[in-house]
Amino acid sequence: MEQFDEIDSQILEILQNEGRLTNVELASRVGLTPPPTLARVKRLEEAGVIARYAAVLDQRALGLPVTAFVHVIHKEHTKETSDLFLAAVHKLPEVLECHHIAGDEDFLLKVVAASPLDYEKFVLEKLTAIEGVQRVKTTFVLSSPKSETAIPVRS
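The paragraphs below set out a description of the structure included in this document. (Residues numbered from 1 in each chain as written. Predicted model: local features only at pLDDT ≥ 70, side-chain atom pairs only at ≥ 80, totals over all residues. Heavy atoms only, no water.)

Looking at the sheet that holds strand S1 (residues 66–74)
Here comes step 1: Here we have four strands laid out as an open sheet, ordered S2-S3-S1-S4, and antiparallel in their pairing. Two strands in the sheet have a free side with no partner beyond their single neighbour: strand S2 (95–100) and strand S4 (133–140). With direction set aside, neighbouring strand axes in the sheet form an average angle of 20°.
Here comes step 2: Judged from the five bridges that link them, S2 and strand S3 (residues 107–113) form a sheet pairing that is antiparallel. Each residue of the ladder has a partner; that of Val95, found in S3, is Val111.
Here comes step 3: Together, S1, S2, S3 and S4 form the strand contacts of helix H4 (residues 79–89), whose direction differs from that of S3 by roughly 15°. (Pairing = 2+ DSSP bridges. Helix = DSSP H or I, 4+ residues; strand = E, 2+ residues; numbered from the N terminus. Axes fitted to C-alpha atoms, helices over the stretch in contact; angles between N-to-C directions. Contact = heavy atoms within 4.5 Å.)

Printed below as a string of structure tokens:
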């Protein structure tokens with residue numbers, strides 16, 4: 001995307017925290033009228049800067065209080081192994097994030113579960129059943145004093 005200005009930055013910061021804000025309210029907050037504000041938002045969407053809109057849910061309220069970061073190590077390091085793994089992971093709703101990483105491990109997953117027992121079942125029946133997975137290493141989250149969804153925006 002081409003460079004964005006201070007008003008674009010304001011729009012992005014506001015929408016990250018208040019995605020349900022009406023265009024009229026957004027325009028008022030950034031000091032523009034609604035038509036140019038809507039045009040800016042559409043331009044940011046079309047450029048892919050605004051990827052999607054979503055509600056942020058409370059996993060505990062949904063009965064999923066367990067969060068684990070899971071390091072996955074593959075038997076082989078081939079494109080085919082990675083592609084098969086990624087296709088399988090995309091089908092697992094327990095996996096919130098999947099990162100291909102450098103280092104001793106191949107992938108880092110963020111997984112939620114209802115209990116440690118449910119997490120164990122996930123690992124034994126789903127994750128290690130994926131072809132090519134050699135080993136997993138789990139780190140359980142005790143608490144999350146900071147958890148943000150907003151990305152810092154710079155103009």
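A look at the layout of surface pockets
Here comes step 1: Counted as a void, the largest pocket has a volume near 1,700 Å³.
Here comes step 2: Around the largest pocket, the lining comprises 42 residues; the ones closest to its centre are Ala54, Ala55, Val56, Glu148 and Thr149.
Here comes step 3: Top element by residues in the lining of the largest pocket is helix H1 (residues 6–17). It accounts for four residues.
Here comes step 4: For the lining of the largest pocket, the residue count by class is 23 nonpolar, nine polar and 10 charged. (1 Å grid on protein atoms, 1.4 Å probe; cavity = no way out; pocket = protein on both sides within 12 Å on 5 of 7 lines; lining within 4 Å. Points joined across faces, edges and corners; volume = space filled by probe spheres on them. Nonpolar A, V, L, I, M, F, W, Y, C, P; charged D, E, K, R; others polar.)

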